[in-house]
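As a plain string of letters, each chain reads:
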Amino acid sequence: MRFDGFSKIVDKDWIQDDVVMISIERVAEMGEIIPGQFFNIQASAAGYPMLRRPISVSGYDEKTVTFTVKVLGAGTKQLSEHRVGEVIKLMGPLGNGFERVKAKKVLIIGGGIGVAPMKGLIEKLEQPSSEIDVILGFKDHPYLTDSFRTRCQRLALFSETISGFRKGYVTEALEEWIKTTAYEMVYACGPLAMLRRVAKTLNEAGVPVQLLMEEKMACGIGACLVCTCKTKKDDFNFKLSRMCKDGPMFYGSEVIFDEN
Amino acid sequence: MKTNLCVDLNGLVLKNPVTTASGTYGFGREYGEYLDLSLLGAISVKGLTLEPREGNEGVRIAETPMGMINSVGLQNPGVHAFIEHEIPFLRSHDLKIIANINGNTIEEYCEMAQILDHADVDSIELNISCPNVKNGGLAFGTNPKVVQEVVSRVRKSTSKHLMVKLSPNVTDIKEIARIVEAEGADCLSLINTVSGMAIDIYKRRTVLKRGSGGLSGPAIKPIALKLVNDVYHTVKIPILGMGGIATHEDAVEFLLAGASAIAVGTANFSNPKAPVEILEGIQRYMVQMGYSSVTQITGDLK
Ligand SMILES: Cc1cc2nc3c(=O)[nH]c(=O)nc-3n(C[C@H](O)[C@H](O)[C@H](O)COP(=O)(O)OP(=O)(O)OC[C@H]3O[C@@H](n4cnc5c(N)ncnc54)[C@H](O)[C@@H]3O)c2cc1C
Ligand SMILES: Cc1cc2nc3c(=O)[nH]c(=O)nc-3n(C[C@H](O)[C@H](O)[C@H](O)COP(=O)(O)O)c2cc1C
Ligand code: FES
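Being a predicted model, the structure only gives us computed values, none of them experimental.

Rules behind the numbers
Here the residue numbering is sequential within each chain, running from 1 through the sequence in written order. All chains are assigned letters beginning with A, and all ligands numbers beginning with 1, in the order in which they are written. Where totals are concerned, whole chains, interfaces and linings use all residues; where local detail is concerned, this predicted model gives features only for residues with pLDDT of at least 70, and gives and counts side-chain atom pairs only at 80 or more. In computing side-chain properties, one takes all heavy atoms of the structure into account and sets aside hydrogens as well as water. Domain start and stop positions are those given by an automatic or database domain assignment. Only heavy atoms matter for contacts: two residues are in contact if any of them lie within 4.5 Å across the pair. Take the accessible area each of two parts loses on contact, using a 1.4 Å probe, and add the two losses: that sum is the buried area. The term salt bridge refers to a pairing of a side-chain nitrogen on Lys or Arg with a carboxyl oxygen on Asp or Glu at a separation within 4 Å. We define a polar contact as two N or O atoms separated by no more than 3.5 Å, with the added condition that, inside protein, one atom must be a possible hydrogen donor and the other a possible acceptor, whereas residues neighbouring each other in sequence contribute only through side-chain atom pairs. Put simply, DSSP marks the helices as runs of H or I at least four residues long and the strands as runs of E at least two long, and each gets a number from the N terminus on. Side-chain classes follow a simple rule in which Ala, Val, Leu, Ile, Met, Phe, Trp, Tyr, Cys and Pro form the nonpolar group, Asp, Glu, Lys and Arg form the charged group, and the remainder, Gly included, forms the polar group. Throughout, the term near means that a residue has one or more heavy atoms lying within 4 Å of the molecule or strand in question. Per-residue and other accessible areas follow the Shrake-Rupley method at a 1.4 Å probe size, with only the shown protein chains counted as cover for residues. We call two strands paired when DSSP finds no fewer than two bridges between them. Axes here refer to lines fitted to C-alpha atoms; in helices the fit is confined to the stretch in contact. Angles between the N-to-C directions go from 0 to 180 degrees. To estimate the expected span of a helix, subtract one from its residue number and multiply by 1.5 Å. Partly exposed residues are those whose accessible area sits between 20% and 50% of the maximum for their type, while under 20% is buried and over 50% is exposed, using a 1.4 Å probe and protein chains only. Any angle that is under 35 degrees is reported as roughly parallel, and any over 145 degrees as roughly antiparallel; angles of 65 to 115 degrees are reported as roughly perpendicular and all others as oblique. Definitions for this section: a left-handed crossing has its near helix turned counterclockwise from the far helix by less than a right angle. A right-handed crossing has that turn clockwise.

Caption draft 1: Summary view of the domain arrangement of chain A. All names here are of chain A. If you check the domain split of chain A, you get domain 1 (3-94) and domain 2 (105-256). The gap between the C-alpha centroids of domain 1 and domain 2 is 22 Å. Residue-level contacts link 21 residues of domain 1 with 21 residues of domain 2. Interface area, domain 1 with domain 2, both sides summed: about 1700 Å², of which 67% is carbon and sulfur. The largest share of the area that domain 1 buries against domain 2 comes from Gln-16, Phe-38 and Ser-58, three residues that together contribute 23% of it. For the pair domain 1 and domain 2, the interface holds zero salt bridges. Taken together, the links from domain 1 to domain 2 amount to five residue pairs in polar contact (both at pLDDT 80 or more). For the side of domain 1 that touches domain 2, the secondary-structure elements that each account for two or more residues are β1 (4-16), β2 (19-25), β3 (38-41), β4 (53-56), β5 (64-70) and β6 (87-94). Tallied by class, residues from the side of domain 1 that touches domain 2 come to twelve nonpolar, seven polar and two charged.

Dropping the structure here:
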């Protein structure tokens, strides 16, 4: 049986006005965890909002699992209001996480709250075999950057509004860097528009990229089919893969980004 | 006190009255990792079509107060793949298999019923009420003349236990229920989702690409309960009741309103153990209220 149950909050830390890190006890039944996987979490024991909220693993060790939550609406607000010592109900880890391939040159790209799972990833990428470059983009103040700074060769930080950081899109740094560096693997998570540009750039350059995609979910385990990702099927066709079960990690070469 | 949980839906005998609703449980595989499927009375599988379907593109869900609107649109591997790959898995558990079928035309419904007549399923659930497909679906379930024809012809296509799933999106569900009974259905299941809409006020567009979809979850429970009760007073064939059931109290309400068994749908999403918790709760309720058989609860309203 897979894990669906309760776990106690052991630590909580507001790192921005609207971003909170929550660590819970790692329960044995959770089993192995892979960066890029997520948990489907009940926002409130009161049962409203009704559906659980998918939140990526943004770090883990033997004893704890850490989430980084950006408060957007009712669900994430309620999640953020739990106190240390309280228990939350959750199931996971769920989905296909990142494939951590052995590669000399690796690039990590994170945008907005999409940096949360990338923190979990860089902490578990085998250091000795890889040189890691990182590009992170934010609307306002950058956060979670220390975890990356201590583990990477090169770090580019973008912010749309805060001075002292690069302005513009993370893809600008990407386009510069791939000219001079032969990345063997790129990992990315962020807003859809960012992932679309990243995938386009890297597909054209022939560099493999693992994208962590996002879609509104219900069951989180592949049963209800409300979360889809349009992916390629042979040369001409497409199929609608389940974001939660077949993803959330998809290779950039598999995904079809429709213009909406 | 020993409680007897067995129910007979007019030929479909379930070891207990708790089933899972079509489209919310896939073919059981995913939820089988969270509970022992053999604890369920039956699984109604994801709506099947003759050919495989990819379903609707674009956003498929809008969450609403205590509910959700879905626009999945019958994504399924087709009836043949179901028979080949899913029945053996389901059969390895102690439960009844209900095959939910959907057609574009009456002929398609009949062809599927004929195919399933030779397959190892325990019941065919004729879905004439799916709101998420362009042609057919709801159109079948809301027009009394069409209901009569489709049920009558599907009845002639199979000797399997036949259940017909009713839509709440009709003016008079009693009329439809009467026709379905008269045409030889063994059992009724209700309700399917309620037509609903959600709008993104900043994009000034409907959240779902198709405009509307099917509302499910606790938000529709009072509607479902009333319709089950109406139908209970109209027909003699048994009712598989559903619509917003999330707790054993909800389930007992449906039994009291006239359902012989119940289905858990959307509640699985927020609580994968809901069916088991509901079954345990029904047993506690029976002991507390002095019912020895779950069949005694059906319609036992003072
Ligand atoms: C696999 C996966 C991993 C995720 N990991 C994290 C994480 O680590 N940290 C984190 O803070 N968030 C994460 N999210 C997003 C998070 O689940 C949503 O922000 C949350 O469900 C919103 O719930 P709410 O009730 O607060 O807001 P709602 O009231 O549901 O929505 C508020 C606003 O956000 C939009 N929205 C809601 N859900 C999504 C979504 N999934 N994608 C895009 N827009 C959405 C709504 O349309 C609305 O405009 C993840 C999502 C997925 C699918
Ligand atoms: C995501 C989803 C998919 C569904 N797919 C089907 C289907 O394929 N066939 C069908 O007869 N009903 C389908 N339904 C309707 C349910 O079986 C059930 O009738 C309805 O959701 C009401 O019950 P609930 O409120 O407990 O979910 C679906 C419901 C949901 C939420
Ligand atoms: S959320 Fe149910 S299939 Fe992905």
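Caption draft 2: Inspection of the site of ligand 1 at higher detail. Residue and element names in this part refer to chain A. The environment of ligand 1 is formed by 19 residues, the closest being Pro-54, Lys-70, Gly-75, Thr-76 and Glu-214. Within the contact set of ligand 1, an oxygen atom lies 2.7 Å away from a backbone nitrogen or oxygen of Pro-54. In this structure, Glu-214 approaches ligand 1 through a side-chain N or O atom, which is 2.4 Å from a nitrogen atom. If ligand 1 stood free it would expose 890 Å²; the protein chains cover 73% of that surface. Only β4, β5 and α1 (74-81) provide two or more residues apiece to the shell around ligand 1.

Caption draft 3: Here's a closer look at the sheet that holds β5 of chain A. Residues and elements named next belong to chain A. Sheet architecture is open: six strands sit in the order β4-β3-β6-β1-β2-β5, paired in antiparallel fashion. A single partner strand is all that each edge strand has here, and the edge strands are β4 and β5. The average angle at which neighbouring strand axes cross in this sheet is 40 degrees, direction not considered. Bridge count between β3 and β6: three bridges; the pairing is antiparallel. If you follow Asn-40 over to β6, its bridge partner there is Met-91.

Caption draft 4: Inspection of the site of ligand 2 at higher detail. Residue and element names in this part refer to chain B. For ligand 2, the set of nearby residues contains 23 residues, the closest of which are Ser-22, Asn-100, Lys-165, Gly-244 and Thr-266. In this structure, an oxygen atom belonging to ligand 2 sits 3.1 Å away from a side-chain N or O atom of Asn-127. Between ligand 2 and Ile-191 there is a distance of 2.9 Å, counted from an oxygen atom to a backbone nitrogen or oxygen.

Caption draft 5: Structural detail: the interface of chain A and chain B. Each partner contributes to the interface: chain A provides 32 residues, whereas chain B provides 35 residues. Carbon and sulfur atoms make up 58% of the surface buried where chain A meets chain B, a total of about 2800 Å² over both sides. A per-residue breakdown of the area chain A buries against chain B is headed by Met-50, Leu-225 and Leu-240 of chain A, which together make up 23% of the total. Inspection of the region where chain A meets chain B yields seven salt bridges. Across the pair Lys-245 of chain A and Glu-33 of chain B runs a salt bridge whose closest N-O atoms are separated by 3.9 Å. Of all the secondary-structure elements, those providing two or more residues to the side of chain A that touches chain B are β6, β12 (228-233) and β13 (237-242) of chain A.

Caption draft 6: The arrangement of helix α9 (residues 274-289) of chain B in detail. Residue and element names in this part refer to chain B. Taking 1.5 Å of rise per residue, the 16 residues of α9 would be expected to cover 22 Å, and the 22 Å separating its terminal C-alpha atoms lies within 8% of that figure. Turning to α9, its buried residues are Ala-274, Pro-275, Val-276, Ile-278, Leu-279, Gly-281, Ile-282, Tyr-285 and Met-286. The first or second residue beyond α9 is Gly-290, which carries a positive phi of 80 degrees.

Caption draft 7: Fine view of the packing of helix α6 (residues 221-232) of chain B against helix α7 (residues 248-257) of chain B. Residue and element names in this part refer to chain B. For the pair α6 and α7, the least separation of the axes is 8 Å and the interaxial angle reads 25 degrees. By the angle between their directions, the pair α6 and α7 is classed as roughly parallel. Between α6 and α7 the crossing geometry is right-handed. Contact with α6, carried on its side by Lys-221, Ala-224, Leu-225, Val-228, Asn-229 and Tyr-232, involves Asp-250, Glu-253, Phe-254 and Ala-257 of α7 and no other residues of that element. Here the residues of the contact of α6 with α7 are counted per class, giving six nonpolar, one polar and three charged.

Caption draft 8: Fine view of the sheet that holds strand β14 (residues 212-216) of chain B. Residue and element names in this part refer to chain B. Read from one edge to the other, the open sheet built from four strands follows the order β5-β6-β14-β11, with strand pairing classed as antiparallel. Pairing within the sheet leaves two strands with one partner each, and these edge strands are β5 (61-64) and β11 (194-197). Strand-to-strand twist of the sheet, defined as the mean angle between neighbouring strand axes without regard to direction, takes the value 40 degrees. Relative to β14, strand β6 (residues 67-70) is paired through three bridges, and the arrangement is antiparallel. In the sheet register, Ile-69 faces β14, and the bridge partner there is Leu-215.

Caption draft 9: Local environment of the packing of helix α1 (residues 79-91) of chain B against helix α2 (residues 106-117) of chain B. Residue and element names in this part refer to chain B. Their axes nearest at 10 Å, the elements α1 and α2 cross at an angle of 20 degrees. The orientation of α1 relative to α2 falls into the category roughly parallel. Pair α1 / α2 crosses with right-handed handedness. Taking contact as the criterion, the partners of Val-79, His-80, Phe-82 and Ile-83 in α1 are, on α2, Met-112, Ile-115 and Leu-116. Counted by class, the contact of α1 with α2 contains six nonpolar, one polar and no charged residues.

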